[in-house]
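The primary structure of each chain is shown beneath.
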Amino acid sequence: MIMEAFNLAEFKGGNSNFKKDGKYPDRVTPGGYVCTVTGLKNSADIQGYNSSPFIEFYLLTECGKQGSARFWVIKQTDKPSTKDWKAKQLKDFLMNCGVKQFTTDAESCKQALNKRVQCAFVSEEYVGKNKETMQPEKKTAIKYLWSSGIGKKLTYDAKYNKTLSDEDKQLLATIGTMDIEPQPQTQQVVSQSHADEDLPF
């Protein structure tokens with residue numbers, strides 16, 4: 001598999017994200033799921049996106065929830081250990097989907113479409129920005145952790161979920177004591193999508 005290339009220009013095929021009755025399903029919550037790969041996209045197709053390039057697979061769980069698995073593209077500036085980690089993450093996912101041919105990156109990824117795979121998802125808290133008040137607030141993202149083939153063991157433990165750091169908690173506490181108009185502070189679960197521009201990863 002020519003992981004160094006990650007030729008995003010070739011990633012043009014693939015199904016769209018799953019919709020039922022014109023609506024997207026609810027997002028997954030932390031845990032392990034049996035999923036079907038319903039679509040594929042790459043960051044090169046996102047108008048105005050200038051951050052780190054990625055490939056993302058849309059996933060639909062057997063219980064009808066939506067998830068996604070994002071893989072960051074290898075860059076020439078990455079350290080050798082980072083390149084190896086990125087390559088292993090994607091290839092492991094594809095192999096767990098049942099992909100056996102690795103002629104090109106694009107074709108290998110397309111082979112995963114409509115395949116079933118077990119995936120674990122975790123939550124990660126971070127300080128984001130309230131789009132209405134523009135004030136910092138705690139948010140929660142759901143992220144793909146790892147996968148396994150159908151019929152094999154999939155490990156998930158709540159200890160993998162990440163909460164706010166002490167520094168971020170202090171930041172929010174400090175802001176809470178400032179003389180600003182009170183706003184509702186609710187925890188939001190957001191998707192891994194290009195629309196979430198304030199995600200820290």
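Residues numbered from 1 in each chain as written. Predicted model: local features only at pLDDT ≥ 70, side-chain atom pairs only at ≥ 80, totals over all residues. Heavy atoms only, no water.

1. A few points about the packing of aromatic side chains
- Summed over the entire model, instances satisfying the criterion amount to 10 aromatic pairs.
- Taking the centre distance of 5.7 Å and the plane angle of 80° together, the rings of Phe 54 and Trp 72 count as edge-to-face. Here the residue Phe 54 occupies a position in strand E2 (residues 54-61), and Trp 72 occupies one in strand E3 (residues 66-72), the gap between them amounting to 18 residues.
- What makes Phe 54 buried here is its relative accessible area of 0%.
- On the basis of an interplanar angle of 75° and a centroid distance of 5.2 Å, the ring pair of Trp 146 and Tyr 160 is categorised as edge-to-face. Of this pair, Trp 146 sits in strand E5 (residues 136-148) while Tyr 160 is found in the loop between E5 and helix H3 (166-176), placing the two residues 14 residues apart along the sequence.
- Tyr 160 sits in the partly exposed class, given a relative accessible area of 26%.
- By the ring-pair criterion, three or more aromatic residues cluster together here, those being Tyr 33, Phe 57, Phe 71, Phe 93, Phe 121 and Tyr 144.
- The ring of Phe 54 is capped by Arg 70, whose NZ or CZ atom sits 3.9 Å from the centre of that ring.
- Between the NZ or CZ atom of Lys 91 and the centre of the ring of Phe 102, over which it lies, the distance is 4.9 Å. (Phe/Tyr/Trp six-rings, centres within 6.5 Å; stacked < 30°, edge-to-face > 60°. Helix = DSSP H or I, 4+ residues; strand = E, 2+ residues; numbered from the N terminus. Buried < 20%, exposed > 50% of the residue type's maximum accessible area, 1.4 Å probe, protein only. Lys NZ or Arg CZ within 6 Å of the ring centre and 35° of its normal.)

2. Digging into unusual backbone geometry
- Positive phi outside glycine occurs at Asn 114, with the angle close to 70°.
- As for its placement among the helices and strands, Asn 114 is situated in the loop between helix H2 (105-110) and strand E4 (116-129).
- Here Met 134, not a glycine, exhibits a phi torsion of approximately 65°, which is positive.
- Of note, Met 134 is situated in the loop between E4 and E5.
- Owing to a relative accessible area of 48%, Met 134 belongs among the partly exposed residues under this scheme.

3. A look at the side chain of Asn 42
- Turning to its location among the elements, Asn 42 is positioned in strand E1 (residues 31-42).
- One polar contact links the side chain of Asn 42 to the main-chain amide nitrogen of Ala 44, over a distance of 2.7 Å. (Polar contact = N/O pair within 3.5 Å; in protein donor to acceptor, adjacent residues only side chain to side chain.)

4. Points about the pattern of salt bridges
- Throughout the structure, instances matching the rule amount to eight salt bridges.
- Across the pair Lys 41 and Glu 56 runs a salt bridge whose closest N-O atoms are separated by 3.4 Å. Highlighted residues: Lys 41 in strand E1 and Glu 56 in strand E2, separated in sequence by 15 residues.
- Relative accessible area serves as the criterion here: at 0%, Glu 56 is assigned to the buried category.
- Close ionic contact of Lys 110 with Glu 107 constitutes a salt bridge, the shortest N to O distance being 4.0 Å. With Lys 110 and Glu 107 both in helix H2 and three residues apart, this pair spans about one turn of that helix.
- Each of the salt bridges in this network shares a partner with another, and the network as a whole consists of Lys 41, Glu 56 and Arg 70. (Salt bridge = Lys/Arg side-chain N within 4 Å of Asp/Glu carboxyl O.)

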